[in-house]
Amino acid sequence: MIIGTAGHIDHGKTALVRALTGVNTDRLKEEKARGISIDLGFAYLHAADGTELGFVDVPGHERFIRNMLAGATGIDFVLLVVAADDGVMPQTVEHLAIVDLLGVQQGLVAVTKTDLVPQARRDEAAREIKEKLAETRLASAEILPVSAVTREGIDDLRDKLLLSARRLGERAANGRFRLAVDRCFTLPGAGTVVTGTVSTGAVAVGDRVMVSPSGLSARVRSIHAQNRPAERGRAGQRCALNLVGDGISKSSIVRGDVVLDPAQHAPTDRIDAALQVLASEPKAIEQWTPVWLYHAAAEVGARIVLLETAPEPGGGKRYVQLVLDWPIAAAAGDRFILRDSSAQRTIGGGRFLDLRAPGRKRRTPERCAQLDACAITEPEHALLALLEHAPFYVNLNAFARDWTLLASEFDRAIERSGAVRVAPEDETFVLSQATRERFTGSLQTALAAFHAEQPGHLGLGFEPLRPKVEPRLPSKVFSSVLQMLARAGEVVLEGALARLPSHQARLSPADQMLWARITPLLSGATRFRPPRVGEIAAQVAAPGNEVRRLLKSLSRMGQTNEVAADHFFLHDTVAEMVEIAADIAAQNANGQFGAAQFRDRLDNGRKVAIQILEFFDRHGVTQRIGDLRRMNAARLGLFRRLGATEPRAGAHSGRESSPVGRPDFKSGRGRQTVFGGFDSHSLPPRARKAD
Ligand SMILES: Nc1nc2c(ncn2[C@@H]2O[C@H](COP(=O)(O)OP(=O)(O)OP(=O)(O)O)[C@@H](O)[C@H]2O)c(=O)[nH]1
Ligand SMILES: [Mg+2]
């Protein structure tokens, strides 16, 4: 347990820590000369049963309150020190307000210097203290009279602290490692050493860490945890880390830096937060008020942007945006303190809600809803609440990082809520079940409308489709959600096109007329050596790119195959050629055949014959063995004919409108949709998925 002292100057904080631990935490020459604490002091108490107390002794002088703030963040327990003779003084009140704003829930009050005052004065001091505590989280904290001179109450106090430590137990060390640096020095023989309290996660000797916000990379050479050599340091322990790495030195790391898991390094200078203003403030906070922001051990200048009505002194929490002069390494849920720009008084404090605050549109109702979600202290619940609001998806990696957790720590919550995950590349996005359903419905409506309007088009490209679907998702998320829905059979993706599973493309009247003129060129005696796009264009007197476009879309519909660039064969011709190849193979003793045999049967010249065989190779219909090939029985169905009882592809040119499907290359079934014939897509999605 880490105990922080608090209290007015000269009230006996350092003397009390010394009485408890035997350690004088006033190390500096100036501290000794002036008899006051200036910087943080540290002492440890190791009980026989293994219970450890770490003390952070803070200065009481108002000029050194920034040092007090650096020490007070990260403490579990506050030991508020009030001298019996003085009673409650300004820094008693200010320190108490600070630890309260920092969310410290546990503490104890030591009324010191009892040897100097009569009983009545002690009682009066205790009464004053009780009154002040009443407005804080420490309202029920115990008040103990002690004296560092007579040692009255010291043993009792120590026992009570140890008892509290045992009750508190160890902090959970889940999540990613973070340690806010409060000191950095050079140790002869070791090198650069940083000290601080591990706020989350754990660190082990040999770990790679990063210094944030500077981004310097380092390795942990050795660790002292609670002042003892250790292999590992964990959340709730004060640690000294001996760091080595390029650029790592006493001068490159300062108090306020955070040593962390490199994956956690994402400094920010614009943070949305919930701010509470102390009752002692003279007036409500104004727009763009300059302040000093204290977070962990860092101190940085900032401005306040009001996101709702101004927070009133002594009033409730209000959302504000903190625009920092310099980026800091923070986490969502971290506490902070604000002091006025002349660093004279504490204004208030609160919790960070969103580290990636927008610079614009920061007061919209959607944004407020997001902040309401981020204000939920339990990260899993915050995540699920965020999914209910625009933009209706969360980048899980970024969210987990900002909450100093691993993405996997949200697995259970995601599973239980029925939320879905999509993972393009190395990122994971999460959408709620409700959003998935809304998106699917909207997608189907958009595609149905498109198919009705453009029956000749196979489908709609992702980018034209994206703005038609609600909720609107960014490109990367959109396409991975589409892929997920395609796997579930709710949409069909072909290349860059999306279509409804039930949709069958129909040629436009103009295309039908053009196709009617082209089909004879691809059929009959010349079907094994059909003209290429350029020749077709010349023969039908149509632009080459029109012919190409039509033949390509017919190829997607399963009517033609582009065997080589710009060289299209009717699908049935391809099927016939597969049969011929299989026939040749069957006649050869070992099932292998050469290109010449194939060419002789087709009578189409060596070059074309080889192109066809290479096309078969690409689709796995044939397997090449040196100069020979053999048929791959498993892929024979890939180019099956469109159906013996149906008109051949070349024979339907006179029809008004031609519904056509395409072979299912993935399953290798090659079942073609034919005019009114069996169509795999007319099966219900479940049945299709199953076979
Ligand atoms: N008589 C008496 N004197 C005390 C007691 N505790 C502290 N003192 C004296 O009070 C003075 C201040 O004590 P510190 O412990 O330095 O006070 P502090 O709260 O640490 O002061 P800062 O760190 O400067 O805020 C010293 O001269 C101590 O010897 C006590 O219980 N009885
Ligand atoms: Mg002191």
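See the structure above.
Residues numbered from 1 in each chain as written. Chains lettered and ligands numbered in written order. Predicted model: local features only at pLDDT ≥ 70, side-chain atom pairs only at ≥ 80, totals over all residues. Heavy atoms only, no water.

Moving on to the packing of aromatic side chains. In total, this model carries nine aromatic pairs according to the counting rule given. Between Phe439 and Phe478, the ring centres sit 5.7 Å apart and the planes meet at 65°, which makes this aromatic pair edge-to-face. On the criterion of sequence distance, the pair formed by Phe439 in helix α11 (residues 433–453) and Phe478 in helix α13 (residues 475–487) is long-range, its members being 39 residues apart. Grouping residues by exposure puts Phe439 and Phe478 together as buried. Note on Phe593 and Phe598: the rings are 6.5 Å apart at their centroids and 50° apart in plane angle, and the pair reads as tilted. Each member of the pair, Phe593 as well as Phe598, is classed as buried. Among the aromatic residues, ring-to-ring pairing joins Phe593, Phe598, Phe615, Phe616 and Phe639 into one connected group. A cation over a ring is seen here: Arg438 above Phe392, with NZ or CZ 4.7 Å from the ring centre. (Phe/Tyr/Trp six-rings, centres within 6.5 Å; stacked < 30°, edge-to-face > 60°. Helix = DSSP H or I, 4+ residues; strand = E, 2+ residues; numbered from the N terminus. Buried < 20%, exposed > 50% of the residue type's maximum accessible area, 1.4 Å probe, protein only. Lys NZ or Arg CZ within 6 Å of the ring centre and 35° of its normal.)

Bringing the site of ligand 1 into the picture now. In the vicinity of ligand 1 lie 18 residues, with Thr14, Ala15, Ser37, Asp115 and Ala148 positioned nearest. Within the backbone of Ala148, an N or O atom sits 2.8 Å from an oxygen atom of ligand 1. Relative to its unbound accessible area of 640 Å², ligand 1 is 79% covered by the protein chains. (Near = heavy atom within 4 Å. Polar contact = N/O pair within 3.5 Å; in protein donor to acceptor, adjacent residues only side chain to side chain. Areas by Shrake-Rupley, 256 points an atom, 1.4 Å probe, with all protein chains shown as cover.)

Turning next to the coordination of the magnesium ion (ligand 2). The protein atoms that coordinate the magnesium ion (ligand 2) are Thr14 (OG1) and Ser37 (OG), at distances spanning 1.9 to 2.0 Å. Placement of the pair is Thr14 in helix α1 (residues 13–21) and Ser37 in the loop between α2 (29–34) and β2 (41–46), with a sequence separation of 23 residues. With a relative accessible area of 10%, Ser37 lands in the buried category. (Donors = N, O, S within 2.8 Å, 3.2 Å for Na, K, Ca; no water.)

This paragraph deals with unusual backbone geometry. Pro213 follows Ser212 through a cis peptide bond whose omega is 10°. Looking at the secondary structure, you find Pro213 in the loop between β10 (208–212) and β11 (216–225). The omega angle of the peptide bond from Glu470 to Pro471 is -5°, so this bond is cis rather than trans. The backbone of Asp10 shows a phi angle near 70°, a positive value even though the residue is not glycine. For Asp10, the location among the structural elements is in the loop between β1 (2–6) and α1. The backbone phi angle of Lys361 is positive, close to 50°, even though this residue is not glycine. Tracing the chain through its elements places Lys361 in the loop between β21 (346–354) and α7 (365–374).

Looking now at the environment of Phe450. Its location among the elements puts Phe450 in helix α11. Among the residues examined, Phe450 registers a relative accessible area of 12% and is labelled buried. Dropping the residues within four chain positions of it, Phe450 is found in contact with His457, Gly459 and Leu460. (Contact = heavy atoms within 4.5 Å.)

Take the sheet that holds strand β19 (residues 318–328) next. In spatial order, the strands read β16-β19-β18-β17-β20-β21; together these six strands close into a barrel with antiparallel pairing. For this sheet the average axis-to-axis angle between neighbouring strands, irrespective of direction, equals 45°. Of the strand pairs in this sheet, strand β17 (residues 289–295) and strand β20 (residues 335–340) are connected by five bridges, and their pairing is antiparallel. Counterpart to His295 in the pairing with β20 is Phe336. Its contacts with the sheet put helix α3 (residues 65–72) on β17, β18 (298–306) and β20, and the angle it makes with β20 is roughly 170°. (Pairing = 2+ DSSP bridges. Axes fitted to C-alpha atoms, helices over the stretch in contact; angles between N-to-C directions.)

A separate point is the sheet that holds strand β23 (residues 420–422). Taking strand neighbours across the sheet as the criterion, the three strands line up as β22-β24-β23 in an open arrangement whose pairing is antiparallel. Where the open sheet ends on each side, the last strands, each with one partner, are β22 (394–395) and β23. Where β22 and strand β24 (residues 429–431) come together, two bridges link them in antiparallel fashion. Looking at the pairing, Val394 lines up with Val430 of β24. Against the sheet, α13 makes contact with β23 and β24, and its axis sits at roughly 115° relative to β23, the strand it touches most.

As a further point, take helix α5 (residues 119–133). Relative to the 21 Å expected for 15 residues at 1.5 Å per residue, α5 spans 21 Å between its end C-alpha atoms, a close match to the ideal helical length. Looking at the buried side of α5, the elements it contacts are β4 (77–83), α4 (90–101), β5 (106–112) and β6 (142–145). (Expected span 1.5 Å × (residues − 1).)

Inspection of every chain in the model, using the stated rule, returns 38 salt bridges. For Asp261, the salt bridge goes to Arg176, with nearest N and O atoms at 3.1 Å. With Asp261 in the loop between β15 (258–260) and β16 (268–277) and Arg176 in the loop between α6 (154–168) and β7 (178–187), the pair connects residues that are 85 residues apart, well separated along the chain. Among the salt bridges present, the one from Arg599 reaches Asp600, with a minimum N-O distance of 3.1 Å. For Arg599, a relative accessible area of 27% puts it in the partly exposed group. Here the salt bridges do not stand alone but share partners, grouping Arg121, Glu124 and Glu128 into one network. (Salt bridge = Lys/Arg side-chain N within 4 Å of Asp/Glu carboxyl O.)

At a closest axis distance of 9 Å, the pairing of helix α18 (residues 595–602) and helix α19 (residues 606–618) adopts a crossing angle of 115°. For the element pair α18 / α19, the angle class is roughly perpendicular. For the pair α18 and α19, the crossing hand works out as right-handed. Contacts between α18 and α19 pair Ala595, Phe598, Arg599 and Leu602 from the former with Arg606, Ala609, Ile610, Ile612, Leu613 and Phe616 from the latter. Split into classes, the residues belonging to the contact of α18 with α19 amount to eight nonpolar, no polar and two charged. (Parallel < 35°, antiparallel > 145°, perpendicular 65-115°, else oblique. Left-handed = near helix turned anticlockwise from the far one by under 90°. Nonpolar A, V, L, I, M, F, W, Y, C, P; charged D, E, K, R; others polar.)

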